[in-house]
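Here are the chains, one letter per residue:
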Amino acid sequence: MSLDRQGNKSIVILGGGTAGWIAASAMIDRWAGKGFDITLVESPEIGTVGVGEGSTPRLKVFFDTIGVRESDWMPKCNATYKNGISFANWSTRAGFERYFHPFGSQVDRHTLTAFYFNTHARRQGIDVPAHPDRFFLTAKLAENRQGPKANENFPFIVEYGYHFDAQLVGEYLKERAKALNVKHVQAKVSEAKLTSNGDIASLLTDTGDTIEGDFFVDCSGFRGTLIQQTLQVPFRSFAENLFNDSAVVLPTNQVADIGSETVSTAMKYGWAWEIPLTHRIGNGYVYCSSHCSADGAETELRTALGLLDSDTEARHLKMKVGRVEQHWHKNCLAVGLSQGFIEPLEATALNIVCNTVYDFVETVEAEGFASRGRDRFNERTNSAFEKVRDYIVAHYIMNTRDDTDYWRQNGANKNVSDTLRQILQIWKTGKNLGQEMERLQIQSSYSAMSWHCLLAGYGFYPDIRPMPAVNPATSQFNMAEIDEFIRRCSKNFRSQNEQLRF
Ligand SMILES: Cc1cc2nc3c(=O)[nH]c(=O)nc-3n(C[C@H](O)[C@H](O)[C@H](O)COP(=O)(O)OP(=O)(O)OC[C@H]3O[C@@H](n4cnc5c(N)ncnc54)[C@H](O)[C@@H]3O)c2cc1C
């Protein structure tokens, strides 16, 4: 099948979770009127995973690209703005018990030099302020519960993500896609028929219907119905360095003053998220089932939230962490949980969903459906998974907790990629991280800024060495000026509550 051949081509998407509707929205947006018809089939009986409430700035790019306005989708999905993520209690190093991983802003260029300089000096044992939070505007906005949208007179771009009700985002995109002529079928697919060359020919539903297609998009969630079960593409588990495989979810009431950050707090056997939406706070505990039972995790989370058993019912989930070896195989593309999942510590899943879909669309537009483009697409997508994985694994390697075997085993785990090993080595040996990553051509999904924040945020520094009283490194940057600069910038932002009045 190729874009330049005449005649209608049919694309069938299996699954109506966020991944399915993002795929349908992107494809209809790019390919409407170009000879494609799109059908999405989903089973209300199976339902969606129903979690996934935080995003990176990539989701904003997606909504902007398909022409959806915040004033339209955000109120309908109980969405709020997100400046970044706070990590609490992951490190026991004094002064580093909490840090913020910020989304970037253009004003960071005024403070980044000082941050890099100070973290470099601190890595030599020089006593300078080197905690990330004092250097970033979005850290201040999150601390003040301000939204990331500047008043009109502030001419700098500030990146941001969102918090939202995943179910409602799916609903919103569904209604929009249906209005744009995506055909919606509600049925459970019981079987996929193959052609003689091993391509998928059609899906059979439990209502006895056959849905034929030229190309299939598997958005069936952790099941991986088409990519894993039908086409037998192998799944590579990440369990050797990402131990968590379960989650328990417990919503609580929203507070009057809505926050503008996700908070990720280390627990005994994993970590808990706190995500502020307009109508509730989403809470969940991601943990490792070989260290903690489902009941134990629920009790620990309830205690942390001050909730009784009778207050609200918990939802328990299993997570399959890893990725398929080929995301596009034969005439099938896997998107979302069916292609793989890295635990949600940095809320990267929808980022990967959007990148997978748009990379696929662009590859097809440039090269058709030929195997050459497909092979390179698979390499890029696998590499994207591995790069995100490195950053998530780094959180676990950096932790300094020793209260449970879980944390001790994480901290002692030597199963890390060469890339991550190199990054840690550069940092430890006091070299310039950004320059060295470039020189060694270390590929990462995360910028040098994000790596600095993570490593500095955990207080991964040597002991302070005795220094002469007058040391040029300690007086190079005036922290009072940096504090004042950020304070003045933050005056240009209203509270999250005010910014949510559309
Ligand atoms: C604990 C947890 C926390 C998470 N937090 C985040 C986060 O903060 N940020 C983020 O970006 N992501 C997060 N994610 C990931 C996010 O939830 C998913 O990436 C996203 O919801 C997309 O899911 P999906 O559409 O692939 O699968 P699902 O939501 O599971 O949808 C699968 C669809 O396939 C259909 N289906 C399956 N089999 C059949 C069949 N045989 N016939 C018909 N239909 C079928 C189902 O009915 C459903 O419609 C989290 C995931 C977990 C587990």
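Residues numbered from 1 in each chain as written. Predicted model: local features only at pLDDT ≥ 70, side-chain atom pairs only at ≥ 80, totals over all residues. Heavy atoms only, no water.

Draft legend 1. Local environment of helix α4 (residues 112–123). With 12 residues, α4 extends 16 Å from end C-alpha to end C-alpha; this agrees with the ideal 16 Å at 1.5 Å per step. Inspection of α4 places Leu 112, Ala 114, Phe 115, Asn 118, Thr 119, Ala 121, Arg 122 and Arg 123 among the buried residues, and these make up the whole buried set. Immediately downstream of α4, the backbone of Gly 125 shows phi near 90°, a positive value. (Helix = DSSP H or I, 4+ residues; strand = E, 2+ residues; numbered from the N terminus. Expected span 1.5 Å × (residues − 1). Buried < 20%, exposed > 50% of the residue type's maximum accessible area, 1.4 Å probe, protein only.)

Draft legend 2. Quick peek at the site of the ligand. For the ligand, the set of nearby residues contains 33 residues, the closest of which are Gly 16, Val 51, Gly 54, Val 189 and Leu 337. The backbone of Gly 54 places a nitrogen or oxygen atom 2.7 Å from a nitrogen atom of the ligand. Between Val 189 and the ligand, the recorded distance is 2.8 Å, taken from a backbone N or O atom to a nitrogen atom. Taking 1,000 Å² as the accessible area of the ligand by itself, protein coverage stands at 96%. Among the elements of the structure, α1 (18–31) and α9 (349–367) are those that each provide at least two residues to the shell around the ligand. Broken down by class, the residue content of the shell around the ligand amounts to 16 nonpolar, 13 polar and 4 charged. (Near = heavy atom within 4 Å. Polar contact = N/O pair within 3.5 Å; in protein donor to acceptor, adjacent residues only side chain to side chain. Areas by Shrake-Rupley, 256 points an atom, 1.4 Å probe, with all protein chains shown as cover. Nonpolar A, V, L, I, M, F, W, Y, C, P; charged D, E, K, R; others polar.)

Draft legend 3. Structural context of the packing of helix α2 (residues 58–66) against helix α6 (residues 166–179). Packing of α2 against α6 leaves a shortest axis separation of 13 Å and a crossing angle of 20°. As far as their axial angle goes, α6 and α2 are roughly parallel. Like other packed secondary-structure pairs, α2 and α6 cross with a definite hand, here left-handed. Of α6, the residues touching α2 (which contributes Phe 62, Phe 63 and Ile 66) are Val 169, Leu 173 and Arg 176. Along the lines of polarity and charge, the residues of the contact of α2 with α6 split into 5 nonpolar, no polar and 1 charged. (Axes fitted to C-alpha atoms, helices over the stretch in contact; angles between N-to-C directions. Parallel < 35°, antiparallel > 145°, perpendicular 65-115°, else oblique. Left-handed = near helix turned anticlockwise from the far one by under 90°. Contact = heavy atoms within 4.5 Å.)

Draft legend 4. Representation of the sheet that holds strand β9 (residues 189–194) in the model. Within the open sheet, the 3 strands sit side by side as β9-β10-β11. Their pairing is antiparallel. Among the strands making up the open sheet, the edge pair consists of β9 and β11 (210–212). Pairs of neighbouring strands in the sheet enclose a mean axial angle of 25°, with direction left out of account. (Pairing = 2+ DSSP bridges.)

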